[in-house]
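# Results of the structural survey
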Amino acid sequence: MTGSVRRGHRRIYVAGFVIALIAGIIAAGFPVYVRPQVDPLRHADAILVLGGEGVDRYAYGLELARQGYASTVLFSNPYGEDTDIDEVREPCRTPQQGFTLECFAPNPPTTVGEGRQLRALASQRGWRTVIVITMRPHLSRARYILEQCFEGQLIMEPGPVDIAPWYWAWSYVYQSAGYVRAFIDSGC
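Residues numbered from 1 in each chain as written. Predicted model: local features only at pLDDT ≥ 70, side-chain atom pairs only at ≥ 80, totals over all residues. Heavy atoms only, no water.

### As for a nonpolar patch on the surface
Spelled out, the test is: Patch members must show over 30% relative accessible area and no salt bridge, and they are joined within 9 Å when carrying like charges or within 5 Å when they are nonpolar side chains of Val, Leu, Ile, Met, Phe, Trp or Tyr. Note that accessible areas follow from Shrake-Rupley with a 1.4 Å probe, and for residues the cover is restricted to the protein chains shown. Salt bridge criterion: a side-chain nitrogen from Lys or Arg within 4 Å of a carboxyl oxygen from Asp or Glu. Starting at the N terminus, helices and strands are each numbered in turn, a helix being any DSSP run of H or I of at least four residues and a strand any DSSP run of E of at least two.
On the surface, W166, W170, V173 and Y174 cluster together into a nonpolar patch covering about 500 Å² of accessible area. Note on placement: W166 falls in helix α6 (residues 165-184).

Encoded structure:
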């Protein structure tokens, strides 16, 4: 075999390895990010709507409260009180009928900060079951983190949003990095 033929074979092997690696990563992430464990909805002490990308989940949290799933809804707003996100700002400034809506800025502005706020409120109010709403790619990691903060039962529910293919790719990277951080900084 000549050198150029060997280099061509090597490139094919490397390309095959890279494709197999990417396919393996996608396959490993599928049950974690695309098809995470979603719990059946049932009555809870509170509904916690986690902050972050995608605002449809805030309206969904309010809708679940209107349907009677909980008498308290917590909106996490990691962007602070001066947010320009209407789906967060307006409900927090408007009295709600039939349930209580509480808005907070987590400290730190992460899922860990949200978990700490949940732990404090659950301890004060005796909550044992909480519905948690977040985006589907975040469900598993949110469950992992919140279980370290809250001793009660978590009912994990994805917000109703269609996720673009490019965002799924970004979510694989972002959520995987978040898992690494959560494993390193374990605890609440």
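### A look at the state of the cysteines
Spelled out, the test is: Cysteine sulfur atoms are paired as a disulfide whenever they fall within 2.5 Å. The cut-offs for exposure are 20% and 50% of the maximum accessible area for each residue type, with area from a 1.4 Å probe on protein chains only; residues under the lower value are buried, those over the upper are exposed, and the others partly exposed.
One pass over the structure, following the stated rule, counts two disulfides. Bridging C92 to C103, the disulfide has an S-S length of 1.8 Å. Sign of the S-S torsion, about -95° for the bond between C92 and C103, identifies this disulfide as left-handed. On the criterion of sequence distance, the pair formed by C92 in helix α3 (residues 86-93) and C103 in strand β3 (residues 100-104) is long-range, its members being 11 residues apart. Of the residues examined, C92 reaches a relative accessible area of 32% and is grouped as partly exposed. A residue is classified by how much of its surface remains accessible, and C103, at 34% relative accessible area, is partly exposed. In this model C149 forms its disulfide with C188; the gap between the sulfur atoms is 2.0 Å.

Just distances and angles here, no functional claims.
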